[in-house]
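# Secondary and tertiary structure notes
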Amino acid sequence: MKRRMTGSVHAPTHRWVTRKFTSACLGAWLLHSMLHAQTLPRTPEPAPSAALVEAGFKTILDRQLGNCLTCHALSAANHPQHLPKALGQQGNFGPSLDGVGTRHSPAALLQWVTDARKIKPDTLMPPYGSLEGVHQPNAARPLLEPEQLQAVAAALSTLR
Ligand code: HEC
């Protein structure tokens, strides 16, 4: 008798726990789908600040930093006014950077500069932000710091 009593006392507790658990799961699922709903539709990215874009172009053109025009071309008409129009010798080893902001998303541009091998394993584009598999006689350091990579990607995204 006592046993049955205990059983009947426990049953609602059990149901209560099950209900709590179910609603917790439902809540987690709802939160999960809300978070996904935010990432799924491609909301336009906020435009990078003018200062970041300028820093990026400086890094791109600086022979000690990006030195990107050794391998890439960039039309003078295609970059902001405040930068030197004399862009010097330009390479054609890689594709022209003109319009590159329409060909790749901001995230993809950052990946191209950080480590293009993650996009195209046999690429000849140097990895500016990674030392993976790189063996050089000099003290190993990535060619560009994370902030410089962000700036370069921001500058590239404006090339439309
Ligand atoms: C040693 C030559 C070299 C240098 C220096 C170089 N790149 Fe590249 N880059 C390439 C090559 C080659 C490709 C084409 C990659 C491929 O198809 O494998 C490329 C591809 C790219 C792409 C993709 C272009 C597209 O249209 O799909 C971007 C963006 C890019 N480089 C940006 C840069 C930036 C920014 C710098 C300087 C920080 C830089 N590159 C420096 C050789 C270079």
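Residues numbered from 1 in each chain as written. Predicted model: local features only at pLDDT ≥ 70, side-chain atom pairs only at ≥ 80, totals over all residues. Heavy atoms only, no water.

Neighbouring the ligand are 22 residues, the closest being C68, C71, H72, H104 and M125. Within the contact set of the ligand, an oxygen atom lies 2.8 Å away from a side-chain nitrogen or oxygen of T123. Here the ligand is seated within the largest pocket. Within the residue set of the shell around the ligand, elements represented by two or more residues are helix 3 (100-103), helix 4 (106-115) and helix 5 (146-157). Sorting elements by how many residues they give to the shell around the ligand places helix 4 first, with three residues. For the shell around the ligand, the class distribution of residues is 14 nonpolar, six polar and two charged. (Near = heavy atom within 4 Å. Polar contact = N/O pair within 3.5 Å; in protein donor to acceptor, adjacent residues only side chain to side chain. 1 Å grid on protein atoms, 1.4 Å probe; cavity = no way out; pocket = protein on both sides within 12 Å on 5 of 7 lines; lining within 4 Å. Sits in = over half its atoms within 2 Å of the grid points. Helix = DSSP H or I, 4+ residues; strand = E, 2+ residues; numbered from the N terminus. Nonpolar A, V, L, I, M, F, W, Y, C, P; charged D, E, K, R; others polar.)

Distances from the iron atom of the ligand to its protein donors, H72 (NE2) and M125 (SD), fall at 2.0 Å. Around the iron atom of the ligand, the six donor atoms are arranged such that angles at the metal cover 87 to 179 degrees; this shape is classified as octahedral. Pair noted here: H72 is in the loop between helix 2 (50-61) and helix 3 and M125 is in the loop between helix 4 and helix 5, with a separation of 53 residues, a long-range link. Take H72 and M125: they sit in the same class, and that class is buried. (Donors = N, O, S within 2.8 Å, 3.2 Å for Na, K, Ca; no water. Tetrahedral: all angles 85-135°; square planar, octahedral: opposite > 155°, others 65-115°. Buried < 20%, exposed > 50% of the residue type's maximum accessible area, 1.4 Å probe, protein only.)

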